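# Fold and geometry: a report
Residues per chain, in single letters:
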Amino acid sequence: RVRIMCKKGVTVMNKTAIATFENIDDIVDLRVEMQIEDWNKTLGKDFSCYSDEFAQITKNHLEDKLNTSIFFAVMYIDDKPVAMVALEELTELPQITVCCDKNGRHCCLVSVYTKPAARGKGYQQQVIKCLLEFAKSKGFTDITLTTNTPDAIHIYKKIGFRQISSKYFLNLHN
């Protein structure tokens, strides 16, 4: 998806797409930023000294798993990555689900992140919707996620997720 927005005479190019191997470095950069921000908030410590190691581990994982068991949608504003979300197929462990199709293809929403300067503009909702459309087209039937962030909960409920204990659930075919 490409959108061109004009605000006060400034043209902004907005592109959201399912990631390919060409996007791995952008995903790695966003994940490192997300993880450092999360560690700072939850643990109150600066873990940026682990950035390079975490980046390499993430890159290796993506080179092995991207578009086989993990799928990312990335949003770009003027060719700069500002938001991402991933779904990871749940195939390793059996799941107890509340879904209507016990034999469906299940996944979990992970790595949901928007750069701080781009927050509050609806970008996360757009990138999630892009990934949900992709998931539905690939035969996924159910998506779960875990969060305790009030702003995130509001977005997920608005999209159609419903809370089940500490997880939120969305059936893509209803």
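Scroll up to find the structure.
Please read these numbers as outputs of a predicted model, since none were measured by experiment. (Residues numbered from 1 in each chain as written. Predicted model: local features only at pLDDT ≥ 70, side-chain atom pairs only at ≥ 80, totals over all residues. Heavy atoms only, no water.)

## Overview of the overall build of the protein chain
What counts is decided by this rule: Comment: elements are numbered from the N terminus, with helices defined as DSSP H or I runs of at least four residues and strands as E runs of at least two. Here, residues are in contact when the closest pair of their heavy atoms is within 4.5 Å. Only the protein chains shown count as cover for residues, and the accessible areas themselves come from Shrake-Rupley with a 1.4 Å probe.
Per the secondary structure count, the protein chain includes four helices and eight strands. Going from N to C terminus, the protein chain has its helices and strands arranged as β-β-α-α-β-β-β-α-β-α-β-β. Partitioning the intrachain contacts of the protein chain with sequence separation of at least 6 by distance along the chain shows that 65% fall at a separation of at least 24. When the accessible surface of the protein chain is summed, it comes to about 10200 Å², and 53% of that surface belongs to carbon and sulfur atoms.

## Focus on the pattern of salt bridges
We apply this condition: Definition used for salt bridges: Asp or Glu carboxyl oxygen within 4 Å of a side-chain nitrogen of Lys or Arg. Each residue's exposure class comes from its accessible area (1.4 Å probe, protein chains only) as a fraction of the maximum for that residue type: buried when under 20%, exposed when over 50%, partly exposed otherwise.
The full count for this structure, using the stated rule, is six salt bridges. Measuring nitrogen to oxygen at the nearest pair gives 3.1 Å for the salt bridge that ties Asp25 to Lys59. Within this pair, whereas Asp25 is found in helix H1 (residues 24-43), its partner Lys59 is found in helix H2 (residues 51-65), the two being separated by 34 residues in sequence. For Asp25, a relative accessible area of 44% gives the class partly exposed. Judged by relative accessible area, Lys59 falls into the partly exposed class, the value being 26%. Note that Arg119 is salt-bridged to Glu37, the shortest N-O span being 2.9 Å. You can see Arg119 sitting in the loop between strand E5 (105-114) and helix H3 (123-137) and its partner Glu37 sitting in helix H1, a full 82 residues away along the chain.

## Considering the nonpolar core
Quick reminder of the rule: What makes a nonpolar core is a set of buried Ala, Val, Leu, Ile, Met, Phe, Trp, Tyr and Cys residues whose side-chain atoms join them at distances within 4.5 Å.
By size, the foremost hydrophobic cluster in this structure holds 30 residues, and its most contacted members are Leu109, Leu131, Leu132, Ile143 and Phe161. Going through the elements one at a time, strand E3 (70-77), strand E4 (80-89), E5, H3, strand E6 (140-146), helix H4 (150-159) and strand E8 (167-171) are the ones with two or more residues in this core. Contact partners of Leu131, with chain neighbours within four places excluded, come to Ile18, Phe71, Phe72, Ala73, Val85, Ala86, Leu87 and Leu109. Core analysis: the second largest hydrophobic core is formed by 19 residues, Val28, Met34, Ala55 and Val74 among them.

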